[in-house]
Amino acid sequence: MSKADELAMKLKHTGATHADQAIDSWPNQVYELYRQIEHWLLPLTEVGLVLRHNPTHVFESDPEGETFNYAIDQLVIEGNDHTLTFDPVARFTEDGEGRVEIHSKGKELALLRTVGEHGETHWWLQVIEQPGQQLDAVALTENNLLSVVQEGLELWD
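Okay, so let's go over this structure.

Rules used in this analysis
Residues numbered from 1 in each chain as written. Predicted model: local features only at pLDDT ≥ 70, side-chain atom pairs only at ≥ 80, totals over all residues. Heavy atoms only, no water. Pairing = 2+ DSSP bridges. Helix = DSSP H or I, 4+ residues; strand = E, 2+ residues; numbered from the N terminus. Phe/Tyr/Trp six-rings, centres within 6.5 Å; stacked < 30°, edge-to-face > 60°. Buried < 20%, exposed > 50% of the residue type's maximum accessible area, 1.4 Å probe, protein only. Contact = heavy atoms within 4.5 Å. Salt bridge = Lys/Arg side-chain N within 4 Å of Asp/Glu carboxyl O. Arc of directions from axis to C-beta.

**A look at the sheet that holds strand β5 (residues 109–115)**
The strand order across the open sheet formed by seven strands is β1-β2-β3-β4-β5-β6-β7, and the pairing between neighbours is antiparallel. Two strands close off the open sheet at either side, each with one partner strand: β1 (50–61) and β7 (138–139). Where strand β2 (residues 67–79) meets strand β3 (residues 82–90), five bridges bridge the pair, whose relative direction is antiparallel. Each bridged residue has a counterpart across the sheet, and for Gly79 the counterpart in β3 is His82.

Okay, structure coming up:
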């Protein structure tokens, strides 16, 4: 084996290791997000809002075409005869470091994960784009999440 072949093999192995690490850490990042959401919704769960985890599997490919199959939970929020489902659909995205879609009866939203220059995670809330639309994302905050829950579960004043 030539030196170039050895280096190519090492480079390929390094890339696979990075993708494997990205997949291995993805469920923990999603569950950390869920813990934050559950904390924000605690006053609502005390009066009847139901939160549950729904086990699921995701099949996806990284940008180099390597495929992954992993178990991860959805977060389901139920109240007022309506349901919101937080569905972690992809770790590998063109515009971030992971995507969790929010499915409800009306509007389809997504949470996009980005990573700052010091490794800190940021979550952004956006409407799922329709063809030809360019929509801005807003930082996920407690108030933004509560607005999504209020609208999705039709909890009006």
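Having seen the model, we can carry on.
**What to know about the packing of aromatic side chains**
If you walk through the whole model with that rule in mind, you get three aromatic pairs. Consider the rings of Trp26 and Trp123, whose centres lie 6.2 Å apart with planes at 35°: the pair is tilted. Linking Trp26 in helix α1 (residues 3–40) with Trp123 in strand β6 (residues 121–127), this pair joins segments that are 97 residues apart in sequence. Each of the two residues, Trp26 as well as Trp123, counts as buried.

**Considering the environment of Val76**
Within the fold, Val76 resides in strand β2. Note on Val76: relative accessible area 4%, which makes it buried. The sequence separation of Val76 and Ile102 amounts to 26 residues, and the corresponding C-alpha distance is 9.5 Å. The residues touching Val76, leaving out its near neighbours within four places in the chain, are Val50, Leu51, Arg52, Asn54, Thr83, Leu84 and Thr85.

**Points about the pattern of salt bridges**
Oppositely charged side chains are able to pair whenever their charged atoms sit close together. In total, this model carries four salt bridges according to the counting rule given. For Glu78, the salt bridge is made with Arg52, and the minimal N-O distance between the two is 3.0 Å. In this pair, Glu78 is assigned in strand β2 and Arg52 in strand β1, connecting sequence segments 26 residues apart. We note a salt bridge from Glu101 to Arg99, for which the minimum N-O separation is 3.4 Å. Each member of the pair, Glu101 as well as Arg99, is classed as buried.

**Some thoughts on helix α3 (residues 142–152)**
By the burial criterion, the buried members of α3 are Leu145, Val148, Val149 and Gly152. End-on, the buried residues of α3 take up no more than an arc of 95°, which puts them together on one face. The first or second residue beyond α3 is Glu154, which carries a positive phi of 50°.

**Some remarks on unusual backbone geometry**
For Asp81, which is not a glycine, the phi torsion comes out positive at approximately 60°. Within the element layout of this structure, Asp81 appears in the loop between β2 and β3. Classification of Asp81 as exposed rests on a relative accessible area of 81%. If you check the backbone angles, Glu154 has positive phi at about 50° while not being a glycine. Structurally, Glu154 is set in the segment after α3.

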